[in-house]
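Remarks on the overall topology
Here are the chains, one letter per residue:
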Amino acid sequence: MDESIDVDDCLRRWKEGSQAAAEELIQHLFPVISKIVRTHLPRRDDEKDLVQEILMKTFAKLHQFKGDAPITHWVSRLALTTCLDRLRAQKIRPEIRQADLTPEESDVFDAAWLTGSSPDAGAAIAARDLVDKILSSLSPEDRSLILMVDLEGRSLQEIADTMGWSISKVKMRLFRVRPHLRQMIKRLENENEQN
Amino acid sequence: MNKTDNDTWQKLLALSAPTFAGETTPPYGFVTSTLAGLRAQQSQVEACERIGWRALLASLAALAVAATLTVTLDTRDSASDFEPGVRSLVQMQNISVS
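Residues numbered from 1 in each chain as written. Chains lettered and ligands numbered in written order. Predicted model: local features only at pLDDT ≥ 70, side-chain atom pairs only at ≥ 80, totals over all residues.

This part is about the overall build of chain A. For chain A, the count of helices and strands is nine helices and zero strands. Secondary structure elements of chain A, listed N to C terminal, follow the sequence α-α-α-α-α-α-α-α-α. In chain A, which comprises 195 residues, the share counted as buried stands at 29%. (Helix = DSSP H or I, 4+ residues; strand = E, 2+ residues; numbered from the N terminus. Buried ≥ 20, exposed ≤ 12 C-beta atoms within 10 Å, placed from the backbone.)

Turning to the domain arrangement of chain A, a few remarks are in order. Residue and element names in this part refer to chain A. Per the domain assignment, the segments of chain A are domain 1 (7-90) and domain 2 (98-194). Using C-alpha coordinates to define each centre, domain 1 is positioned 26 Å away from domain 2. The interface is formed by 10 residues belonging to domain 1 together with 11 residues belonging to domain 2. In terms of residue count, the dominant contributor to the side of domain 1 that touches domain 2 is helix α4 (residues 71-90) (six residues). Of the residues that constitute the side of domain 1 that touches domain 2, the class distribution is four nonpolar, three polar and three charged. (Domains from an automatic or database assignment. Contact = placed C-beta atoms within 7 Å. Nonpolar A, V, L, I, M, F, W, Y, C, P; charged D, E, K, R; others polar.)

Here we come to the packing of helix α2 (residues 19-40) of chain A against helix α3 (residues 47-60) of chain A. All names here are of chain A. Relative to each other, α2 and α3 sit at 125°, their axes nearing to 10 Å. With respect to each other, α2 and α3 are oriented oblique. With respect to the hand of their crossing, α2 and α3 are arranged in right-handed fashion. Residue-level contacts link Ile26, Leu29, Phe30, Ile33, Ser34, Val37 and Arg38 of α2 to Glu47, Leu50, Val51, Ile54, Leu55 and Thr58 of α3. (Axes fitted to C-alpha atoms, helices over the stretch in contact; angles between N-to-C directions. Parallel < 35°, antiparallel > 145°, perpendicular 65-115°, else oblique. Left-handed = near helix turned anticlockwise from the far one by under 90°.)

Another point: the interface of chain A and chain B. Residue-level contacts link 39 residues of chain A with 24 residues of chain B. Looking at the side of chain A that touches chain B, the elements with two or more residues in it are α2, α3, α5 (103-114), α6 (123-135), α7 (140-151) and α9 (167-194) of chain A. The dominant element in the side of chain A that touches chain B, judged by the number of residues it contributes, is α2 of chain A, at 11 residues. Looking at the side of chain A that touches chain B, its residues break down into 21 nonpolar, seven polar and 11 charged.

A word on α3 of chain A. Over its 14 residues, α3 of chain A extends 20 Å from the first C-alpha to the last, a length consistent with the 20 Å expected when each residue adds 1.5 Å. All of the buried residues along α3 of chain A are Leu50, Val51, Gln52, Ile54, Leu55, Thr58 and Phe59 of chain A. (Expected span 1.5 Å × (residues − 1).)

Put into structure tokens, the structure is as follows:
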């Protein structure tokens, strides 16, 4: 990310109609949005289009940005909301079973379950597909919550700020979603043992 | 989560971690197409604003015409001795009014 950018100056120039300022803002915000889209949406979703959609929304709502917090925080929240809306629109919440796994996903589950080592170079993609499958049975908010805690290691306060929730709501959602996730992993492990 | 479940889940996340990393620079052509989209979006907003202003002005003009007509007719009617309904009756029956 280009940290040297003067956001206030960019915004002022953009409001005056400067295309160069818009380009600088796009370059500045792209990595932030790309990271959020890649984390919070399943791998196969068209992330380039979504990143563009989020950028368009950002520019359309830029007049609402007060400058109290860094622009990246404001954009992060907008990006996350858009991702959650996209996930809600998909409305697919399958219960995953061992039989639903591809051979690669099955191998990667064995590897994670037994050793934690990577069986081959494509394991990261297979593991990601498996993670997406497991998370797809959760609600969009719970999916993002689990990823923010388990993958990104974010604090409860950070999550509360990003989601617009209270800290107690974050704790309550985590408390509810953990057993569900545990149950799914347990079932996969049991089915794996039987095979 | 108990240790085993947590271990499996954490290992899966660790294995898939590289796929979660975002891109640092936009792909080729991305900025250009986004800027073009922005320009299109902006001109659409401006067109909508223009249409909105025109519609507002047209509504105000229609309202002004209606108000003027009402006031004119009301002034004309108030010059007569009869209420509008009574005047119609007088005209229908062709009653001579002195």
